[in-house]
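# Descriptive structure summary
So you can see what is in the structure, the chains are spelled out below.
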Amino acid sequence: MGKINDVNLSMLTDFYEFAMSNGFFKAGYKDKIVYFDMFYRSVPDNASYAITAGLEQLVDYFENLHFDDDDIEFLKTKGIFDDEYLNYLRNFKFECDVWAIPEGSVVFPGEPLITVRGPIIQAQMVETMVLLTINHQSMIATKANRIVYAAKGRGVTEFGSRRAQGYTGANLGARAAYIGGCNGSANTLAEKLYGVPALGTMAHSWVQLFDSEYEAFKVYAECYPNNCLLLVDTFDTLKEGIPNAIRVFDEVVVPKGYRPKGIRIDSGDIAYLSKKARKMLDDAGYEDALIMGSNSMDEFVIQNLLVQGAKIDAFGVGERLITSKSSPVFGGVYKLTATEDKEGNIIPKIKISDNVSKITTPGFKQIYRCYDKETGKAIADVVTLYDEKLDDSGDYEIFHPIFTWKRKVLKNFEAKPMLVQIYEKGKLIYDLPTIEEIKSFVQSELETLWEETRRFDNPQEYIVDLSYNLWKVKEDLLKKHGKNSRGESI
């Protein structure tokens, strides 16, 4: 394909965003100040937490938000937009305030990951890109983190480029997987674009090209004696592949003054084959040669392999990671939560549904994460009104926002705000971290979680409650519409 043509992503919106913004313009609401929250409702794979990712790309989108002449000409062809509105787009300038939870944070359902404040015509227009950017990378980072956790310290390389949903999915998926804990990606472009280490060995086609497997291994070892990892399952792993690998290690790699990197098994009963392979390599004096397993891996397969005692030192994980195959939708939404009147007073807004999970939390908000001072572990998140300060100088009682009789008193804790301002009136005021800083931050975040929260089966639900003041705002709005906290008529 070569170089991909540049596309103005400002046009990547649901068409109703243009239709609504044109309507706001005509009705005199274009400068009405509003607040939108982007949040997600449930964790993929029935887990208890997610890893947020994609903020860097969202910033890049905001920094380049504009409409070219050909965009305006295209919109004219739709025949529904006023000339004044189109002229507004021609001179468009992003002027919103944006708050976000830093990339790489552990996050929970219902918490605002992104808050956008600004003129309705702008805040509404960015909806699609906010969602697709944060949804996609958060989904992949979360899946990668689960897979890495299952591997119990063994390296995991992202192998899924060829089965990603398009080149953007492959590139940004590799970035998110690295943030989530992978040690690199098979995607070369991901290193050039984002600094994700590009890693790889050989394909079966290399072995098939030569007259014999031994010759294929020998030529490869002569090319890469200092990084010789051989794919041993093209014909017969135990009878041909591993013996030929050992022979090449003996005849080529070691005489050149190197130690072999190892072998990769990509098919068959990998648990059984890896145990046999480990013994064969050890008996040949290659106890330091690693065994890599690939072929339709995910956290559940990896967990089962290790339970069976598989002798695998590293994993290559492809389609089930890059597509988050078992749970391929993150499900983030973007909802109006408040407006401002002419005096700048914040007016909370709510969406009500018979489905409790779809009832939104109104208002302009902040999130405080509460840490036990003795253990350093996170014990609860409290969503507050933005101008509230959660007092951690003494005891603090939290309660379930629906089942209010469920209460807990936090003692000897420290509360830290989560949302950070990224933009002020359209100006970037946040220093973006490097990908290595984000990756390290993820690890520090995970260390604050209890193991019970991280387990795959029936994980302990993490507490996310509302402050009393925020709960009261929500409760009053529900009662105003004749509903209780479960969305039922009263």
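Now for a look at the structure at hand.

About the thresholds
- Residues numbered from 1 in each chain as written.
- Predicted model: local features only at pLDDT ≥ 70, side-chain atom pairs only at ≥ 80, totals over all residues.
- Heavy atoms only, no water.
- Salt bridge = Lys/Arg side-chain N within 4 Å of Asp/Glu carboxyl O.
- Helix = DSSP H or I, 4+ residues; strand = E, 2+ residues; numbered from the N terminus.
- Buried < 20%, exposed > 50% of the residue type's maximum accessible area, 1.4 Å probe, protein only.
- Core = buried A, V, L, I, M, F, W, Y, C linked by side-chain atoms within 4.5 Å.
- Contact = heavy atoms within 4.5 Å.
- Axes fitted to C-alpha atoms, helices over the stretch in contact; angles between N-to-C directions.
- Parallel < 35°, antiparallel > 145°, perpendicular 65-115°, else oblique.
- Left-handed = near helix turned anticlockwise from the far one by under 90°.
- Nonpolar A, V, L, I, M, F, W, Y, C, P; charged D, E, K, R; others polar.
- Patch = residues over 30% accessible without salt bridge, like charges linked within 9 Å, V, L, I, M, F, W, Y side chains within 5 Å.
- Areas by Shrake-Rupley, 256 points an atom, 1.4 Å probe, with all protein chains shown as cover.
- Lys, Arg positive; Asp, Glu negative; His and termini not counted.
- Charge placed at Lys NZ, Arg CZ, Asp CG, Glu CD.
- Pairing = 2+ DSSP bridges.

### Let's talk about the pattern of salt bridges
By the definition in use, this model includes 28 salt bridges. As a salt-bridge pair, arginine 146 and aspartate 45 come within 3.7 Å of each other at their nearest N and O atoms. Of this pair, arginine 146 sits in helix 6 (residues 127-151) while aspartate 45 sits in the loop between strand 1 (33-40) and strand 2 (50-51), and the two are 101 residues apart along the sequence. Judged by its relative accessible area of 5%, arginine 146 is buried. Across the pair aspartate 282 and arginine 278 runs a salt bridge, and its minimum N-O distance is 3.0 Å. Here aspartate 282 and its partner arginine 278 are both found in helix 12 (residues 270-283), four residues apart, which amounts to about one turn of the helix.

### Notes on the environment of glycine 23
Positionally, glycine 23 belongs in helix 1 (residues 15-27). For glycine 23, a relative accessible area of 32% corresponds to the partly exposed category. Along the chain, glycine 23 and serine 105 lie 82 residues apart, while their C-alpha atoms are 37 Å from each other.

### Focus: the nonpolar core
One finds Leu89, Ile114, Ile263 and Phe315 to be the most contacted residues of the largest nonpolar core, which totals 129 residues. Take this core: its biggest share by element is twelve residues, from helix 6. Those residues in contact with isoleucine 263 that lie beyond four places of it in its chain are Leu229, Leu230, Val232, Ile242, Ala245, Phe249, Ala277, Leu281, Leu290, Ile291 and Met292. Formed by ten residues, the second largest nonpolar core is a distinct cluster that contains Cys370, Ile398, Leu410 and Ala415.

### Details of the packing of helix 10 (residues 213-223) against helix 11 (residues 237-253)
One way to put it is that helix 10 packs onto helix 11 with a least axis distance of 9 Å and a crossing angle of 40 degrees. It follows that helix 10 is oblique to helix 11 by the angle criterion. When you trace helix 10 past helix 11, the crossing you get is right-handed. Residue-level contacts link Glu213, Tyr214, Phe217, Lys218, Ala221 and Glu222 of helix 10 to Glu240, Gly241, Asn244, Ala245, Arg247, Val248, Glu251, Val252 and Val253 of helix 11. Across the contact of helix 10 with helix 11, the residue classes break down as seven nonpolar, two polar and six charged.

### A word on a positive patch on the surface
Taken together, the side chains of Lys32, Lys342, Lys349 and Lys480 present a region of like positive charge at the surface. Structurally, the position occupied by lysine 342 is in the loop between strand 12 (332-340) and strand 13 (346-348).

### Quick word on the pairing of strand 1
Of all eight residues in strand 1, eight are buried; the element is thus mostly enclosed. In this structure, strand 1 lies alongside strand 5 (residues 114-119), joined through six bridges in antiparallel fashion. When the bridges of strand 5 are listed, tyrosine 35 appears paired with arginine 117. Here seven bridges tie strand 1 to strand 12, and the two strands are oriented antiparallel to one another. The residue of strand 12 that forms the bridge with phenylalanine 36 is leucine 336.

### Things to note about the side chain of glutamate 17
Take glutamate 17: it is sitting in helix 1. Salt bridges are absent for the buried glutamate 17, whose nearest opposite-charge side chain, lysine 335, sits at 11 Å. With residues near it in sequence (within four places) discarded, glutamate 17 still touches Gln124, Met125, Glu127 and Thr128.

### Focus: the sheet that holds strand 5
Spatially, 13-12-1-5-3-19-20 is the arrangement adopted by the seven strands of the open sheet, whose pairing is antiparallel. Only two strands of the sheet have a single partner each, and these edge strands are strand 13 and strand 20 (427-428). Packed onto the sheet, helix 2 (residues 55-63) meets strand 3 (97-100), strand 5, strand 19 (420-424) and strand 20 and runs at close to 15 degrees relative to strand 19. Helix-sheet contacts for helix 6 involve strand 1, strand 5 and strand 12, and the interaxial angle to strand 12 is about 135 degrees.

### Structural notes on the packing of helix 6 against helix 7 (residues 166-180)
A pair of packed helices is captured by two measures, namely the crossing angle of their axes and the spacing between those axes. Viewed as axis vectors pointing N to C, helix 6 and helix 7 meet at an angle of 45 degrees, and their least axial separation amounts to 7 Å. For the element pair helix 6 / helix 7, the angle class is oblique. The handedness of the crossing between helix 6 and helix 7 is right-handed. For the pair helix 6 and helix 7, contact is made by His136, Gln137, Ile140, Ala141, Ala144, Asn145 and Val148 and by Gly169, Leu172, Gly173, Arg175, Ala176, Ala177 and Gly180, respectively. Partitioning the contact of helix 6 with helix 7 into residue classes produces seven nonpolar, six polar and one charged.

### Some details on a nonpolar patch on the surface
A contiguous nonpolar surface patch, about 340 Å² in accessible area, is contributed by Val7, Leu9, Leu12 and Leu132. Structurally, the position occupied by leucine 132 is in helix 6. The class of leucine 132 is partly exposed, set by a relative accessible area of 38%.

### Structural notes on the pairing of strand 14 (residues 365-372)
Of all the eight residues making up strand 14, seven are buried; the element is thus mostly covered by neighbouring parts of the structure. Where strand 14 and strand 15 (residues 378-385) come together, seven bridges link them in antiparallel fashion. Looking at the pairing, lysine 365 lines up with leucine 385 of strand 15. Between the end of strand 14 and the start of strand 15, which pair antiparallel, lie five residues, with glycine 376 showing a positive phi angle near 80 degrees. Sheet analysis places strand 14 next to strand 18 (residues 413-417), joined by five bridges and oriented antiparallel. Its bridge partner being in strand 18, aspartate 372 is matched across the sheet by phenylalanine 413.

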